[in-house]
Amino acid sequence: MNHKVIIEPFRIKTVEKIKMTTESERKKLIEKAKYNTFLLSAEDVIIDLLTDSGTSAMSADQWAGILKGDESYAGARSWYKMKEAVQNMTGYEFILPTHQGRAAEHLLYGRLGGKGKVFISNTHFDTTRANIEFSGAIAIDCPIPEGLIPDLDYPFKGNMDVKALEDNILKYGKENIAAVILTVTNNSGGGQPASLQNAKEVGEICKKYGILYILDSCRVAENAYFIKQREEQAKDMTYLEIAQKMFSYADGTVMSAKKDALVNMGGFLALKDEKLFESLMTTLIITEGFATYGGLSGRDMEAIAIGLKEVFEHDYLHYRITSTTYLGERLKDMGVSVISPIGGHAVYVDAKAFYPQIPVEQFPGQALAIELYKMGGIRAVEIGSVMFGSKDGNGNFVPAKMELVRMAIPRRVYTQSHIDYVVEVFAELIKHKDKVKGYKIVWEPPFLRHFTAHFEPVG
Ligand code: F0G
């Protein structure tokens, strides 16, 4: 039978109560939160789509693993389990555990970076870019041109532009390129996949010039699902084999386990090269913890080892990707403009198209995030001029490339009826969309203003 309903491939064993609120309560709550969704209490949110990071529901097996966690300072049993799971997935021998992805980034990019150094990626994620720039180095994005056209249907919009990669290597000099980073899926580019072919071509260029090639693999299983569907050479491979092949082209990986390892905290750095590994181990011990736990408890490592296996199961991945697509397609059916094709972990709504009456300097994305909360208690995040807007030398507003709102779907947390509710809220927002006005920033910190800025409605 060909069924349309997405059946969650799990039964619910433990539940967490959602506090229901009314629209009038939420209007007060968002005003109290200075119209910034990051400043809301999570308790006051009905459906939390702020991030897919660290928000997964763990399986019964993972919870059982938590009880078996070995909390020994050195050489814990749980560490060996995690190490083996990471080695099996990546094929890399040398593993450094960290408390989350950005700690692995800081360790590696902090060491390779510095003034005069250059990193090239399909698109650097914010924390990746921040760690690189903090070291004094430059971060250059080389997405393929197709990746920048929001509604263009193209199978691998997360690919790196290999021509632009090579041009940049020649422009800056191969000795100045600290590393090339392929992020799969490409979070900042809409959760879009990169192909095996692209991963291979990037590897060939890196080899030709003797440059270190790193995969940011936090959503590598989701990426493998797309590859199996869309790339001829992979149609008979398992998801794990696809991921393994992708890793085989690179020299190492940083992974935030908070995504595709299906845990609430954790990460690692894995490398082929022993010398680089050894040189980073001392820094790991100084900053994160001893080499056999990084910043993690034994129980966290146990859960990561199990999550890295569960994430490659077909029933899970099929449900995961089709349920994200389901939300995006329902919104498209209602005429809402979203980044297409729908990515793996999130749906990105084009807020500029949704609220054409709101000028970019009045943050249409922020307005949509606020309306989603007021109307339905849904929390999403603006990815537009609040996050990336800036001022030029004359103090003039420079908007972001796009005004998006990201609705990231936590793994194994919400059911199809929760998602149908999100669709219903959008239907209601569409009815009133002409009346919605913009916002202005009344206070902001010097860096990363989207987390803590205060807003007020305009007019
Ligand atoms: N790389 C990518 C592609 C990410 O999406 C993230 C985090 C990181 C690295 C950093 O990992 O949070 O464990 O330190 N992304 C989250 C998000 C925060 O909401 O997209 P971390």
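Residues numbered from 1 in each chain as written. Predicted model: local features only at pLDDT ≥ 70, side-chain atom pairs only at ≥ 80, totals over all residues. Heavy atoms only, no water.

Moving on, we get to the pairing of strand β3 (residues 118–121). Taken residue by residue, a regular strand's side chains alternate between the two faces of the sheet. Of the two faces of β3, the one lined by V118 and I120 and the one lined by F119 and S121 are each fully buried. Crossover β3 to strand β4 (residues 138–141) through helix α5 (residues 126–134) is right-handed. Looking at chain direction, β3 and strand β5 (residues 177–183) are connected through four bridges and run parallel. Bridge pairing in β5 links S121 to I181. (Buried < 20%, exposed > 50% of the residue type's maximum accessible area, 1.4 Å probe, protein only. Helix = DSSP H or I, 4+ residues; strand = E, 2+ residues; numbered from the N terminus. Right-handed = clockwise from strand over helix to strand, strands pointing away. Pairing = 2+ DSSP bridges.)

We now examine the side chain of R379. For R379, the location among the structural elements is in strand β10 (residues 378–379). A distance of 2.8 Å separates the side chain of R379 from the side chain of D48, its partner in a polar contact. In this structure R379 touches T37, F38, L40, A42, V45, I47, D48, L49 and L50, once residues within four positions along its chain are discounted. (Polar contact = N/O pair within 3.5 Å; in protein donor to acceptor, adjacent residues only side chain to side chain. Contact = heavy atoms within 4.5 Å.)

The next thing to look at is the sheet that holds strand β6 (residues 213–216). Pairing in this open sheet of seven strands is mixed, and the strands run β2-β8-β7-β6-β5-β3-β4 from one edge to the other. In this open sheet, the two strands that pair with only one neighbour each are β2 (94–98) and β4. Direction aside, the axes of adjacent strands within the sheet are offset by 20° on average. Bridging between β3 and β4 involves four bridges; their strand directions are parallel. Residue pairing in the sheet places S121 in a bridge with D141 of β4. (Axes fitted to C-alpha atoms, helices over the stretch in contact; angles between N-to-C directions.)

Ordered in space as β9-β14-β11, the three strands form an open sheet in which the pairing is antiparallel. Of all the strands in the sheet, just β9 (346–350) and β11 (381–383) have a single pairing partner and so form its edges. On average, each strand axis in the sheet is inclined to that of its neighbour by 30°, with strand direction left out of account. Alignment of β9 against strand β14 (residues 404–408), held across five bridges, turns out to be antiparallel. Each residue of the ladder has a partner; that of V349, found in β14, is V405.

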